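# Architecture at a glance
Listed below, chain by chain, are the residues.
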Amino acid sequence: MGPFPAHRPMKISSNSSTITGFILLGFPCPRKGQVLLFVLFSVVYLLILMGNGSIICAVHRDQRLHTPMYILLANFSFLEICYVTSTVPNMLVNFLSDIKVISFSGCFLQFYFFFSLGSTECFFLAVMAFDRYLAICRPLHYPTLMTGHLCTNLIVSCRVLGFLWFPVPIIIISQMSFCGSRIIDHFLCDPGPLLALTCSRAPIMESFWTIITSLLLFLSFFCIMVSYALVLRAVLRVPSAAGQGKAFSTCVHLAVVSLFYGSVMVMYLSPTSEHEAGMQKLVTLFYSVGTPLINPVIYSLRNKDMKHALQKFLGIFIIIHSLIVCVFLPALESQNTTMHFVTEFVLLGFPGPREIQNFYFSILLVVYLLTLLGNGAIVCAVKWDRRLHTPMYIFLGSFAFLEIWYVSSTVPNMLLNILSEAKTISFTGCFLQFYFFFSLGTTECFFLSVMAYDRFLAICRPLHYPSIMTRKFCVILVSGCWVSGFLCYPVPIVLISQLPFCGPNIIDHYVCDPGPLFALACVPAPSTELICYTFNSLIIFGPFLSILGSYTLVLRAVLRIPSGAGRTKAFSTCGSHLTVVSLFYGTLMVMYVSPTSGNPAGMQKVITLVYSAVTPLLNPLIYSLRNKDMKDALKKVLGLRMNCN
């Protein structure tokens, strides 16, 4: 075990903790065993993403699955992806790391998200059981009861309740004194091992935790049992065996409930300290990784509609995968002989005295929260207001959702680094951030291009617009943007990761960017730099030329309109989008179309900050200021929030 880097104690409150980080032991074993576990969990994680992602895509693409049961199933699959992502990526990083350290803040953030997503899963299982009860016991009233509006309300309620259930006990545990060992014999931050590290026993806190957990599990489990008791009674009254079999076949949900609740109850309804560390890990592994892996199999094995939809989707996926392997694998093989010696990087960020750092933290936190609120409000407005269920606003809602993910790929890590003395990021974490930051940025380029094409059709082909820009075509364009965005950058990122990094590990930036990474490589890599430069140019100029082409045709069509009012109205639908394109592409081209080493470090940071944090903040303002429908919808959303508060 490597030495833990020296930290200044993090003050949490007057009863401050003297520990600034924890060591997650995970599954201790020799180096070869760690590598084997890394490979095994990587495969499991990818299978979970593929399985649950396939269900989401199948439900989204197949019109026959646009029913409450499948909508709930798709949302449950999305939840499973988030749930497993709250722990497994950190486990994978720890397998390859010698230090296995997680910061105090990082530990409790993981604790919060893991338990909040787990709580949401409990509520989702209860809602899915209620849906089966209505479908089987109230079949005639089912369409009028389980409407799209009620379905949306139930989904939102599950998420809100899930994230409001655990903040209080988690905050209380974080305020306790941790003055002893900092070694957690687990692969995640769990209450049992954390309470065992406190300076003194906390029986009240342990009892409070048990009560909160018991309430959550028993309430949701009781709802599920009542729903299925009524379902069983109704099914047994069905005269034909075929009818009984058909009714029971829609309740495969019970298998998931049994797997999830069985392991969770074993783990948390008795005091966690009574379980051996090995048993805690195995049980936690089962319900946090095993059930999300098995769920897609359970839900698709006995469901004919889902099997057909998955077969269609997986057929397309296999074709794309085969093309990627055929094209890119030979290029990667020649790079696999190199190796890196640096295990982590130091992100300098914006260096300065502690007072300046605190000021930066406050500003960035406000910007981040405003970005989430602004773009989240647009997503909700488009979702709730039926007048906005048109392609232009569907693209805008999807774009706002993308902006939330884009800013979240960098800003939370920046905020943690400002408060941290070490400012380190693991080698794997650095390249994961690199991948998601650039993939989401690429997706944004494609989205801006598609939105320009939508305006071209609306203005230049108004009579054909409804027949061309159908809902199906709209979904294909949105999916195409996401898939293309995430398929563009794996090759250059893998090539850079294979360069030897054997010298200094200090990156004078707040994100893992290609320029600083090339500068840290032990040997020059002109061919890799050329590949990255070519990719950047193609990704930026391809969509940009498409945008310019669309707006050239729009301009020509608008100038032919005889009335000044008509021209103004046509331009008003394009002005907002053009402003966003100018902001985003202007900074992006300065940064990446010329070699990054030519820009000073300070200039790189400022430019990156503009397109990665400032444009997502300004976009909601730009799109709502000159759009009456969006302003009205946002007023409704914000008015509803104010009433709720």
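The structure presented is a predicted model; accordingly, all values stated were derived computationally and were not measured. (Residues numbered from 1 in each chain as written. Predicted model: local features only at pLDDT ≥ 70, side-chain atom pairs only at ≥ 80, totals over all residues. Heavy atoms only, no water.)

### Description of the overall build of the chain
For the chain, the helix and strand inventory stands at 25 helices and six strands. Within the span of the chain, comprising 645 residues, buried residues form 48% of the whole. Carbon and sulfur atoms form 71% of the exposed surface of the chain, whose accessible area is close to 30300 Å². (Helix = DSSP H or I, 4+ residues; strand = E, 2+ residues; numbered from the N terminus. Buried < 20%, exposed > 50% of the residue type's maximum accessible area, 1.4 Å probe, protein only. Areas by Shrake-Rupley, 256 points an atom, 1.4 Å probe, with all protein chains shown as cover.)

### Things to note about the pattern of salt bridges
Per the counting criterion, the structure on display carries six salt bridges. With a closest N to O distance of 3.1 Å, Arg 387 and Asp 385 form a salt bridge. The exposure class of Arg 387 is partly exposed, given its relative accessible area of 43%. Arg 455 is the partner of Asp 454 in a salt bridge, and the nearest nitrogen-oxygen pair spans 2.9 Å. In this pair, the class of Asp 454 matches that of Arg 455, namely buried. (Salt bridge = Lys/Arg side-chain N within 4 Å of Asp/Glu carboxyl O.)

### Some points on the pairing of strand S1 (residues 21-24)
Side-chain direction in a regular strand flips from residue to residue, so the side chains alternate between the two faces of the sheet. Of the two faces of S1, the one carrying Gly 21 and Ile 23 and the one carrying Phe 22 and Leu 24 are both buried. Note that S1 and strand S2 (residues 101-103) share three bridges and pair antiparallel. Across the sheet, Ile 23 pairs through a bridge with Val 101, a residue of S2. (Pairing = 2+ DSSP bridges.)

### A short note on the packing of aromatic side chains
Using the criterion set out here, one finds 49 aromatic pairs in the structure. Look at Phe 350 and Tyr 360: their rings are 5.6 Å apart centre to centre, the planes differ by 55°, and that puts the pair in the tilted class. Here Phe 350 is found in the loop between strand S4 (344-347) and helix H14 (354-384), whereas its partner Tyr 360 is found in helix H14, with 10 residues between them in sequence. In this structure, Lys 281 is placed above the aromatic ring of Phe 27, and the distance from its NZ or CZ to the ring centre is 5.8 Å. Across the ring face of Phe 350, the terminal group of Lys 605 is positioned such that the distance to the ring centre comes to 5.8 Å. (Phe/Tyr/Trp six-rings, centres within 6.5 Å; stacked < 30°, edge-to-face > 60°. Lys NZ or Arg CZ within 6 Å of the ring centre and 35° of its normal.)

All quantities given are derived from atomic positions and should not be read as evidence of function.
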